[in-house]
Amino acid sequence: MGDVVKGTVFVADATGAFIDIGAKAPAFLPLSEASLHKVKSVDEMGLYPGVRDEFAIINEDDKNGRMIVSLRKLQYDLAWERVRQMQTEDVTVKGTIVSANRGGIVVMTESLRAFLPFSQTTPGKNTEEWVGKELPLKFIEVDEEQTRLVVSNRKAQAESQVALGIGAVVLGTVQSVKPYGAFIDLGGVNGLLHISQVSHERITTLENVFQPGDKLKVMILSQDRERDRISLSTKKLEPTPGDMLRNPALVFEKAEEMAMSFRQRVAQAEAAARAEEAQFEDGSFGLGSNFLSEIGGSNAPEQTSLLFPGAQTANEDFLSRTF
């Protein structure tokens, strides 16, 4: 039991295959043990008479006096070895949703059944509608002894969000509309388009602006990866105030151009903020290098003592004033 032996297929039928492993009697490979996947015949696994392969002995003697061998057991062990390596390397894999229950979602990934807790999924997904769909996943617990395989969609999405920089324009689908804003599906990642970021013109309700399923271009305004939150804006993409309400097609046509202008303004503001912060750190406040000696001579306090509390946040303050 458990030994791995080499054998040669010499007879195959609808129930499985007989394998010559050098014993007194041929071993038998049941169809159910031919693969981790469901197959209709051993032919699908390339097991024809004369084919030689390795098999695991899973039963030393059945009622017919034959050893029972398995390919499925070897594939199963290899799959667990593979997911352990993938967890170590922090690899992102694809998983197919099989079912959902109160605690989470069952997915098939790397030929194994894994558990995806709701706490590790992207908020807002209707899992019943997503059965059969693929999700990006990362392994967070791999325990073959306990047959416990736990995955996370959040970790995989957080990694993909790295590519979504501030000021990037992405295509999204309206998932739901709330009084305070619209949740936008960005291809597996959800973002919030707050009502105040839809247009420069005041909006009292979004029900007349968006409907679930609407496609639109949005700009990434901010990200909070620790809390899995992305803030979006169409307001920043308006060529003129109110275009999002009167002519959204124009907004989407000019989206990349307006986003580029926004990024340039941010870059300029950051450069100015760094220059302002450098002046504070230098202690001169732009008043010349002799300022300290003139006001205090040799007893003048060190330059850093002239910095007002919180000067390190000059960059953030400048940006908030600018935008």
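Residues numbered from 1 in each chain as written. Predicted model: local features only at pLDDT ≥ 70, side-chain atom pairs only at ≥ 80, totals over all residues. Heavy atoms only, no water.

Caption draft 1: Local environment of the overall build of the chain. Scanning the chain from N- to C-terminus turns up 7 helices and 15 strands. Within the chain, the fraction of its 323 residues that count as buried is 36%. In the chain, the proportion of contacts linking residues at least 24 apart, taken out of those at least 6 apart, comes to 56%. Element-wise, carbon and sulfur atoms account for 50% of the exposed surface of the chain, whose accessible area totals about 18500 Å². (Helix = DSSP H or I, 4+ residues; strand = E, 2+ residues; numbered from the N terminus. Buried < 20%, exposed > 50% of the residue type's maximum accessible area, 1.4 Å probe, protein only. Contact = heavy atoms within 4.5 Å. Areas by Shrake-Rupley, 256 points an atom, 1.4 Å probe, with all protein chains shown as cover.)

Caption draft 2: Representation of unusual backbone geometry in the model. The phi torsion at Ser111 lies on the positive side, around 70°, for a residue other than glycine. Relative to the helices and strands, Ser111 is located in the loop between strand S7 (104-109) and strand S8 (112-117). Despite not being glycine, Thr147 shows a phi value in the positive range, around 50°. Following the sequence through the fold, Thr147 ends up in the loop between strand S9 (134-143) and strand S10 (148-152). Given the relative accessible area of 54%, Thr147 is considered exposed.

Caption draft 3: Representation of the side chain of Glu33 within the structure. Structurally, Glu33 is set in the loop between strand S3 (27-30) and strand S4 (52-59). Buried charge without a partner: Glu33 forms no salt bridge, and the closest opposite charge is Arg72, 5.0 Å away. Within the structure, the side chain of Glu33 is placed 2.5 Å from the side chain of Ser70, a separation counted as a polar contact. Excluding its chain neighbours within four sequence positions, the residues that come into contact with Glu33 are Ile58, Val69, Ser70, Leu71, Arg72 and Lys73. (Lys, Arg positive; Asp, Glu negative; His and termini not counted. Salt bridge = Lys/Arg side-chain N within 4 Å of Asp/Glu carboxyl O. Polar contact = N/O pair within 3.5 Å; in protein donor to acceptor, adjacent residues only side chain to side chain.)

Caption draft 4: Seen up close, the packing of aromatic side chains. Applying the stated rule across the entire model yields 4 aromatic pairs. With a centroid separation of 6.2 Å and 70° between ring planes, the pair formed by Tyr76 and Trp80 is classed as edge-to-face. Residue Tyr76 and its partner Trp80 are located together in helix H1 (residues 72-89), separated by 4 residues, close to a single helical turn. Among the aromatic residues, those joined into a cluster by ring pairs are Phe10, Phe18 and Phe28. Its end group placed over the ring of Phe28, Arg66 keeps NZ or CZ at 4.7 Å from the ring centre. (Phe/Tyr/Trp six-rings, centres within 6.5 Å; stacked < 30°, edge-to-face > 60°. Lys NZ or Arg CZ within 6 Å of the ring centre and 35° of its normal.)

Caption draft 5: Representation of the nonpolar core. If you look at the biggest cluster of nonpolar residues, it comprises 28 residues, and the most contacted ones within it are Ile184, Leu186, Phe210, Leu216 and Leu232. For this core, the secondary-structure elements that each account for two or more residues are strand S11 (169-178), strand S12 (181-185), strand S14 (215-224), strand S15 (229-233), helix H4 (248-253) and helix H5 (255-282). Broken down by element, the residue count for this core peaks at 5 residues, all from H5. The contact partners of Leu186, leaving out residues within four places of it in the chain, are Val170, Leu171, Gly172, Val218, Ile220 and Leu232. Among the nonpolar cores identified, the runner-up in size contains 18 residues, and Val93, Ile105, Val107 and Val151 belong to it. (Core = buried A, V, L, I, M, F, W, Y, C linked by side-chain atoms within 4.5 Å.)

Caption draft 6: A look at the side chain of Lys138. Within the secondary structure, Lys138 sits in strand S9. Residue Lys138 is classed as buried on the basis of its relative accessible area, which comes to 2%. Within the structure, Lys138 has its side chain in polar contact with the backbone oxygen of Asp90 (distance 2.6 Å).

Caption draft 7: Up close: the pattern of salt bridges. Inspection of the entire model under this criterion finds 9 salt bridges. Note that Glu144 is salt-bridged to Arg84, the shortest N-O span being 2.9 Å. Placement of the pair is Glu144 in the loop between S9 and S10 and Arg84 in helix H1, with a sequence separation of 60 residues. Taking the relative accessible area as the measure of exposure, Arg84 reaches 35% and is therefore partly exposed. For Lys138, the salt bridge identified is with Asp90, shortest N-O distance 3.5 Å. Here Lys138, found in strand S9, pairs with Asp90, found in the loop between H1 and strand S6 (93-100); they are 48 residues apart in sequence, far enough to count as distant. What emerges from the salt-bridge pattern is a single network uniting Glu201, Asp243 and Arg246.

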